[in-house]
Amino acid sequence: MVLADLTAGAVQDAERRAQTRPLAMVERAAAARPAARDARAALAPADRVKIIAEVKRASPSRGALADIPDPALQASRYEQGGASAISVLTEGRRFGGSLADLEAVTAKVTLPVLRKDFIATPYQVLEARAAGADLVLLIVAGLSRPVLEQLHALILELGMTPLVETHSAEELEVAVDLGAHLIGVNARNLHTLELDRDLFARLADRIPDSAVRIAESAVLQPDDVARYRDAGADVVLIGEALVTGDPIATLNAFLAAGDTPVRGRTESKCAALSDRRESK
């Protein structure tokens, strides 16, 4: 089980860090951080697709992708190219990331920043805030319901925004029942690493209008963004295509491909949802 192994490894690495940086120290560092950026407002539905651009060196499915010696520079290019938020892989064993990458990026950009990792403990959530993260990924498939609820509540308590990732109708039901405001549908099955390019289209209508619909994985060409937009995506999370080419030019092409009203959301609905985001 790939996901189980990745989660276990991430927890072990966090426990190792806790030996030199105890929970109380991380709590103080998190409390000392400025307030998190408003990710819900930044990603609220609009008349064109929005993009979360990812700093990603490698993956279990594709192996090494890019060296990225300066993750902050990569992220600043994403900001220049029109991204609405930045995702930073902090898992080190298979993705080549680190908390240092996250800290470097949050210090450089003005956009909300997501800690993308296999989060399963409160310590990891507090680490994210201490490093400056504004969003934290929670993967429904990798967490029991009580742990998911606990971590979701803690992220909100710390002023951050949870991005709740799903891969099935059953997992999506859990995310909706949780009251998640950002719901991702990952085309990649993290148990097997197989891709289902049509999964988002099948599940999008199950995501309520009160939530932002985020499509993840299977994006290599502008047509992929257009396909997700046509299926109802408000936001598309993109990694590999941005680290293996010119990030600014690639972002421009992707944004142009998604420059259409989202299916299932009228202009008035988008505006109303955006206003609700900004009023909270």
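This structure is a prediction, so every number in the text was calculated from the model and none was measured. (Residues numbered from 1 in each chain as written. Predicted model: local features only at pLDDT ≥ 70, side-chain atom pairs only at ≥ 80, totals over all residues. Heavy atoms only, no water.)

Asks: Could you give an account of the overall build of the protein chain, with specific residues and numbers?
Replies: Helices and strands together make up the secondary structure of the protein chain, namely 13 helices and 10 strands. Taking 280 residues into account, the globule formula puts the C-alpha radius of gyration at 19 Å, and the protein chain, at 17 Å, falls close to it. Oriented by its inertia axes, the alpha-carbon framework of the protein chain measures out at about 50 × 40 × 40 Å. For the protein chain, buried positions account for 56% of its 280 residues. Summed over its atoms, the accessible surface of the protein chain is roughly 11400 Å², and 50% of this surface lies on carbon and sulfur atoms. (Helix = DSSP H or I, 4+ residues; strand = E, 2+ residues; numbered from the N terminus. Rg over C-alpha atoms; globule rule 2.2 N^0.38 Å. Buried < 20%, exposed > 50% of the residue type's maximum accessible area, 1.4 Å probe, protein only. Areas by Shrake-Rupley, 256 points an atom, 1.4 Å probe, with all protein chains shown as cover.)

Asks: Give me the confidence of the model for the protein chain: which residues, what numbers.
Replies: The pLDDT averaged across the protein chain works out to 94; a share of 94% of its residues lies at or above 70. Low confidence marks residues 276–280, where pLDDT is under 50. Its contacts with residues over four positions away, or in another chain, come to 13 contacts. (pLDDT = per-residue confidence, 0-100. Contact = heavy atoms within 4.5 Å.)

Asks: Would you mind going over the pairing of strand β7 (residues 161–166) in detail, with residue names and values included?
Replies: Counting buried positions along β7 yields 6 of 6 residues, so the element is predominantly enclosed. Alternating residues of β7 divide into T161, L163 and E165 and P162, V164 and T166, and every residue in both groups is buried. Running through helix α7 (residues 145–157), the crossover from strand β6 (residues 135–139) to the neighbouring parallel element β7 is right-handed. Pairing between β7 and strand β8 (residues 182–186): 4 bridges, direction parallel. Counterpart to L163 in the pairing with β8 is L182. Taken together, β7, helix α8 (residues 169–178) and β8 form a β-α-β motif whose crossover is right-handed. (Right-handed = clockwise from strand over helix to strand, strands pointing away. Pairing = 2+ DSSP bridges.)

Asks: Give me the lowdown on empty space enclosed by the protein, citing residues and values where you can.
Replies: Following the criterion strictly, the structure yields 1 cavity of 30 Å³ or more and no others. In this structure, the largest cavity spans a volume of roughly 40 Å³. L3, T7, F118, I119, I139, G142 and L143 together form the lining of the largest cavity. Per-class residue counts for the lining of the largest cavity are 5 nonpolar, 2 polar and no charged. (1 Å grid on protein atoms, 1.4 Å probe; cavity = no way out; pocket = protein on both sides within 12 Å on 5 of 7 lines; lining within 4 Å. Points joined across faces, edges and corners; volume = space filled by probe spheres on them. Nonpolar A, V, L, I, M, F, W, Y, C, P; charged D, E, K, R; others polar.)

Asks: Now, about the packing of aromatic side chains: what can you tell me, with residues and values included?
Replies: This structure, assessed with the given rule, holds 2 aromatic pairs. For the ring pair F95 and F118, a centre distance of 5.9 Å and an interplane angle of 40° mean the geometry is tilted. With F95 in the loop between β4 (85–89) and α5 (99–108) and F118 in the loop between β5 (113–116) and α6 (122–130), the pair connects residues that are 23 residues apart, well separated along the chain. For F95, a relative accessible area of 9% corresponds to the buried category. (Phe/Tyr/Trp six-rings, centres within 6.5 Å; stacked < 30°, edge-to-face > 60°.)

Asks: Give me α5: which residues, what numbers.
Replies: Within α5 the residues assigned to the buried category are L99, D101, L102, V105 and T106. Here the buried residues of α5 occupy an arc of 150° about the axis, which is enough to place them on one side. (Arc of directions from axis to C-beta.)

Asks: Which residues make up the pattern of salt bridges, and what values do they have?
Replies: Tallied over the entire structure, the rule returns 14 salt bridges. With its nearest N and O atoms 3.3 Å apart, the salt bridge here joins R115 to D117. Like D117, R115 is buried. Notably, a salt bridge pairs D209 with R213, separated by 3.3 Å at the nearest N-O pair. Taking relative accessible area as the criterion, D209 reaches 31% and is therefore assigned partly exposed. Taken together, the salt bridges that share partners define one network made up of R17, R115, D117 and E127. (Salt bridge = Lys/Arg side-chain N within 4 Å of Asp/Glu carboxyl O.)

Asks: Please set out the sheet that holds β6 residue by residue, giving values where relevant.
Replies: Within the closed barrel, the 8 strands sit side by side as β1-β4-β5-β6-β7-β8-β9-β10. Their pairing is parallel. Across this sheet, the average inter-strand angle for adjacent strands is 25°, counted without regard to direction. Strand contacts of α8: β7 and β8, with the helix running at about 160° to β7, the strand carrying the most contacts. (Axes fitted to C-alpha atoms, helices over the stretch in contact; angles between N-to-C directions.)

Asks: Lay out the nonpolar core in plain terms, naming residues and giving numbers.
Replies: In terms of nonpolar packing, the biggest core is built from 64 residues, with Y78, I86, F200, Y228, V236, I238 and F254 touching the most fellow members. Every residue in contact with Y78, bar those within four places of it in the chain, is listed here: A53, E54, V55, A83, I86, L242, V243, P247 and L251. L3, L89, L114 and L190 belong to the second largest nonpolar core, which has 21 residues in total. (Core = buried A, V, L, I, M, F, W, Y, C linked by side-chain atoms within 4.5 Å.)

Asks: Pulling in residues and values, what's your account of the side chain of N186?
Replies: Among the secondary structure elements, N186 is positioned in strand β8. Among the polar contacts made by the side chain of N186, one reaches the side chain of E165 at a distance of 3.1 Å. Of note is the side chain of N186, whose polar atom sits 2.6 Å from the side chain of S217. (Polar contact = N/O pair within 3.5 Å; in protein donor to acceptor, adjacent residues only side chain to side chain.)

Asks: Any details on the packing of α7 against α8? Residues and values, ideally.
Replies: At a minimum axis separation of 11 Å, α7 and α8 run at an interaxial angle of 40°. Put simply, α7 runs oblique to α8. Handedness of the α7/α8 crossing: right-handed. Each of R145, L148, E149 and H152 in α7 lies in contact with α8, whose residues at this interface are V174, D177 and L178. Taken together, the residues that form the contact of α7 with α8 break down as 3 nonpolar, 1 polar and 3 charged. (Parallel < 35°, antiparallel > 145°, perpendicular 65-115°, else oblique. Left-handed = near helix turned anticlockwise from the far one by under 90°.)

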